[in-house]
Amino acid sequence: MIAFHDVHKTYLMGETRVDALRGVTVELPERRLAVIMGPSGSGKSTFLHLAGCLDVPTRGRVACRGTDLGSLSSRERAEFRARSVGFVFQKFNLIPNLSAARNVELPLFLGNQPTAQAKRRALDALASVDLADRASHRPAKLSGGEQQRVAIARALVNDPELILADEPTGNLDTKTGLRILAMLRGLVEKGKTVVVVTHNPEIAESADALVILRDGAVESFSTAEGRSRP
Ligand SMILES: Nc1ncnc2c1ncn2[C@@H]1O[C@H](COP(=O)(O)OP(=O)(O)OP(=O)(O)O)[C@@H](O)[C@H]1O
Ligand SMILES: [Mg+2]
């Protein structure tokens, strides 16, 4: 579904040039759980941002279901993101002075949904992560695991086909992390394509496809079938 072909991403910070991705070619399977691993600074978040069309490559091609994302105008890219992509950020990125429900509604306003419908869908999304009873809480009044579930509800509220999660269990205890993992698995069972950046070996173990990045390049790619073979 998501195909990277010789993708390079270079960040320029004044005089300093950082080659965050250097020639990544990989295909992630559709309707499956793919996991991205690698040391800090290896390019995992950069990879995820490009997969979700949050950013564009410096060189090379990123295609989603055959559509070259680089061929889209910035407006078409924004539409693609709003319609097809749910992003769970490395830091939850919730807006502190808005309730859980209002945070989850936000992506719907960008698509100009009527308010009553947006509210209902936000509550449905919160219910799907077992947080219906926290809808009016602000983020500061929620635990880390609850904040992460609100961030997941926000990513799901548009019913996107592609869900990208950047270390969604990074700051959570093991039990809460496993619960988030079960939720991501459930999404795959509903036919979604899920890509997760994680350092958690248990999540990696359960992945249908595993990409290990090092220094901005693919160090290894494996599938569940390949790993279970003797
Ligand atoms: N917006 C940016 N401007 C400049 N450099 C950046 C930017 N984003 C990332 N980088 C650099 O690109 C490299 C890859 O960063 P990236 O965030 O993709 O790594 P990562 O694998 O997600 O690391 P971590 O595990 O710490 O989150 C790093 O050296 C980082 O400093
Ligand atoms: Mg990162």
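All of the points below concern the structure found in this document. Note that the structure is predicted; figures quoted are calculated from it, not measured.

**Here's the deal with the overall build of the protein**
Along the backbone of the protein there are 8 helices and 10 strands. Computed over C-alpha atoms, the radius of gyration of the protein comes to 17 Å, within 12% of the 17 Å expected from 2.2 N^0.38 for 230 residues, which places it in the range of a compact globule. Seen through its principal axes, the protein has C-alpha atoms that stretch 45 × 45 × 35 Å. Out of the 230 residues in the protein, the part that is buried amounts to 40%.

**Quick notes on the site of ligand 1**
Taken together, 13 residues sit near ligand 1, with Y11, A20, S40, S45 and T46 positioned nearest. Contributions of two or more residues to the shell around ligand 1 are made by β1 (2-13), β2 (16-28) and α1 (44-51). Broken down by element, the shell around ligand 1 gets its largest block of residues, 3 residues, from α1. Of the residues contributing to the shell around ligand 1, the split by class is 4 nonpolar, 8 polar and 1 charged.

**A look at the pairing of strand β10 (residues 217-223)**
Judged from the 6 bridges that link them, strand β9 (residues 209-214) and β10 form a sheet pairing that is antiparallel. By the bridge assignment for β10, A209 is matched with T223.

**Notes on the sheet that holds strand β3 (residues 33-37)**
Across the sheet, 6 strands lie side by side as β6-β7-β8-β3-β9-β10; this open sheet has mixed pairing. With partners counted over all chains shown, the strands left at the sheet margins are β6 (85-88) and β10, one partner each. Each strand of the sheet is rotated relative to its neighbour by a mean of 15°, with strand direction disregarded. Packing of helix α6 (residues 174-189) onto the sheet brings it into contact with β3, β7 (162-166) and β8 (193-197), and relative to β8 it is tilted by some 155°.

**So, the sheet that holds β2**
To summarise the sheet geometry, strands pair through backbone hydrogen bonds and adopt either a parallel or an antiparallel arrangement. An order of β2-β1-β4-β5 is seen for the 4 strands of this open sheet, with the pairing classed as antiparallel. Each edge of the open sheet is held by one strand with a lone partner, namely β2 and β5 (67-68). When β1 meets β2, the two strands line up antiparallel, connected through 10 bridges. Pairing of F4 across the sheet is with V26, part of β2.

**Details of unusual backbone geometry**
Positive phi values are uncommon outside glycine, yet R31 reaches one of about 55°. Inspection of the secondary structure assignment puts R31 in the loop between β2 and β3. Its identity as a non-glycine residue notwithstanding, C53 has a phi of 65°, on the positive side. Inspection of the secondary structure puts C53 in the loop between α1 and β4 (59-64). Judged by the 24 C-beta atoms lying within 10 Å of it, C53 falls in the buried class.

**Here's the deal with the environment of E219**
As for its placement among the helices and strands, E219 is situated in strand β10. Under the C-beta neighbour-count criterion, E219 is labelled partly exposed, with 13 such atoms within 10 Å. Separated by 62 residues in the primary sequence, E219 and V157 place their C-alpha atoms 34 Å from one another. E219 has contacts with I212, L213 and R214, leaving out every residue within four places of it along the chain.

Rules of the game
- Residues numbered from 1 in each chain as written.
- Chains lettered and ligands numbered in written order.
- Predicted model: local features only at pLDDT ≥ 70, side-chain atom pairs only at ≥ 80, totals over all residues.
- Helix = DSSP H or I, 4+ residues; strand = E, 2+ residues; numbered from the N terminus.
- Rg over C-alpha atoms; globule rule 2.2 N^0.38 Å.
- Buried ≥ 20, exposed ≤ 12 C-beta atoms within 10 Å, placed from the backbone.
- Near = placed C-beta within 6 Å.
- Nonpolar A, V, L, I, M, F, W, Y, C, P; charged D, E, K, R; others polar.
- Pairing = 2+ DSSP bridges.
- Axes fitted to C-alpha atoms, helices over the stretch in contact; angles between N-to-C directions.
- Contact = placed C-beta atoms within 7 Å.

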